[in-house]
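Summary of the model geometry
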Amino acid sequence: MPPSGLEGVVAGRTGICTVDGAAGRLVYRGIAIQELAAQSHFEEVVYLLWYGELPTRSQLENLKQQLAAERALPPGVEAMLRGFPRTARPMDVLRTAVSALGIWDPDTGDNSPAANERKAVRLTARIPTLIAAFHALRRGRPPVAPRTDLSLAAHCLYLLHGEEPTPTAARSFDIALILHADHEFNASTFAARVTVGTLSDMYAAITSGIGALAGPLHGGANEGVMRMLQEIRSVSEVEAYIKEKLARREKIMGFGHRVYKTTDPRAAALKEMARSLTVEAGQTRLYEISERIERVMWEEKQLHANVDFYSATVYHVLGIPIDLFTPVFAISRISGWTAHVMEQLADNRLIRPRAEYVGPDNVPYVPIEQRG
Ligand SMILES: CC(C)(COP(=O)(O)OP(=O)(O)OC[C@H]1O[C@@H](n2cnc3c(N)ncnc32)[C@H](O)[C@@H]1OP(=O)(O)O)[C@@H](O)C(=O)NCCC(=O)NCCS
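The shown structure was predicted, so the numbers you read here are calculated from the model rather than taken from an experiment.

**Considerations on the overall build of the chain**
A count of helical and extended segments in the chain gives 16 helices and 3 strands. In summary, the chain has a C-alpha radius of gyration of 22 Å against a globular reference of 21 Å for 372 residues, a match within 12%. For the chain, the C-alpha atoms occupy an extent of roughly 70 × 55 × 45 Å along the three principal directions. When each of the 372 residues of the chain is scored for burial, the buried share is 46%.

Here it is in structure tokens:
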């Protein structure tokens, strides 16, 4: 019998990123995630994922300029956003609007490497603008006009809040983007690769990826984490709250992982960031509740926190509304998705596995008038 959920199946080859679940190690193009989080910044990581090595100063400058120059939305897409109901779920808006971006992109149907690089730049530059524009419109405000003089991380926070972030906020968000950028054959990346493996196009692939990211077992978990943290009013309530949920066989969002059987290195980095940001913001209760949940989950289920657990607190302290947490994940993961799409196309073969058939056989066709 095939493993349920393709667990442990090696479904292809990649040179972009690998996860060692036993050692709790994550590397992008051979470089450990901790080193990148400590020393790099998001635009440099984007270059690394797309081109396979760290950029020279001029290569980096060039990419930064391209990413800054492509931030504005095509007017047709902004008009679409204005037509969406204010109550629409931001992940639905993002999925639909990213698909629409392809309609206004002259390179959509061109799968050449040069056209795909241009599309990867546009998608990475425009996803933050899309999310922030919808957020402004649903609050009855005009979207903040994009600027070209801020880093991608600082610019995202600027678009969301209408004012420049503090250096600490910008750097924290930048590190969060680095930590979420790629993760091997996770569900959304695999969905993107399957889609482009039919030789469709990058926009179709990214639309598939966003659809897969939205679910609570994948990127949607970070929103569930924050809702849980808000339901629990104090540290003393944690144990009973978690035990009751587990007794009802409910999943606790932000825990467990298909690949990591030890600490998720992204969670470790985000935990430290959540600690320092909550101290600075005077919101230590959130962090204390989180730590207690982590302890109870270990005692009860021997499960570790994953990337979505402490990122929820980080985003909350940075003033990001809960229903934008998963779209914010996409702001980062677009770099990995596009890298995988380009890698898939560079050596493509249709991804078409088989299924073990467990349905009936030799069933006679009964005409409708004879059916009971
Ligand atoms: C990430 C996840 C989907 C991995 O799923 P998986 O590899 O298919 O693991 P399973 O769902 O089969 O879980 C294995 C066992 O651990 C339990 N488990 C796993 N994650 C759990 C969680 N977050 N809370 C409670 N129990 C959990 C399952 O109930 C199951 O127990 P059982 O064998 O007694 O039935 C899963 O851990 C999960 O649903 N986590 C919560 C959602 C989340 O945080 N997603 C973000 C991932 S980065």
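**What to know about the pairing of strand 2 (residues 25-28)**
Residues in a regular strand project their side chains so that they alternate between the two faces of the sheet. Here strand 2 shows a buried face lined by Leu26 and Tyr28 and an unburied face lined by Arg25 and Val27. Direction of pairing for strand 1 (residues 17-20) relative to strand 2: antiparallel, over a ladder of 4 bridges. If you follow Cys17 over to strand 2, its bridge partner there is Tyr28. Counted between consecutive antiparallel strands, the loop separating strand 1 from strand 2 contains 4 residues, among which Gly24 sits at a positive phi close to 65°. Here 2 bridges tie strand 2 to strand 3 (residues 31-32), and the two strands are oriented antiparallel to one another. Bridge pairing in strand 3 places Val27 opposite Ala32. Counting the residues that bridge the hairpin from strand 2 to strand 3 gives 2 residues, and of these Arg29 lies at a positive phi of roughly 50°.

**A closer look at the domain arrangement of the chain**
Partitioning the chain into domains gives domain 1 (16-166 + 181-218 + 327-346) and domain 2 (221-317). With centres defined by C-alpha atoms, the gap from domain 1 to domain 2 works out at 26 Å. Facing the 14 residues of domain 1 at the interface are 14 residues of domain 2. Those elements that place two or more of their residues in the side of domain 1 that touches domain 2 are strand 2, helix 1 (33-39) and helix 16 (325-346). In terms of residue count, helix 1 provides more of the side of domain 1 that touches domain 2 than any other element does, 3 residues in total.

**Quick notes on the nonpolar core**
In this structure, Ala97, Ile206, Leu270 and Val314 are the most contacted members of the largest nonpolar core, which totals 108 residues. Of the residues that make up this core, three or more belong to each of domain 1 (16-166 + 181-218 + 327-346) and domain 2 (221-317). Those residues within four positions of Ile206 in sequence are excluded, and the remaining contacts are Val98, Leu123, Ala192, Ile334 and Trp337.

**Observations regarding the sheet that holds strand 1**
Spatial ordering of the open sheet is given by 1-2-3, a layout of 3 strands whose pairing is antiparallel. Looking at which strands have only one partner, the edges of the open sheet turn out to be strand 1 and strand 3.

The rules behind these values
- Residues numbered from 1 in each chain as written.
- Predicted model: local features only at pLDDT ≥ 70, side-chain atom pairs only at ≥ 80, totals over all residues.
- Helix = DSSP H or I, 4+ residues; strand = E, 2+ residues; numbered from the N terminus.
- Rg over C-alpha atoms; globule rule 2.2 N^0.38 Å.
- Buried ≥ 20, exposed ≤ 12 C-beta atoms within 10 Å, placed from the backbone.
- Pairing = 2+ DSSP bridges.
- Domains from an automatic or database assignment.
- Contact = placed C-beta atoms within 7 Å.
- Core = buried A, V, L, I, M, F, W, Y, C linked by C-beta atoms within 7 Å.

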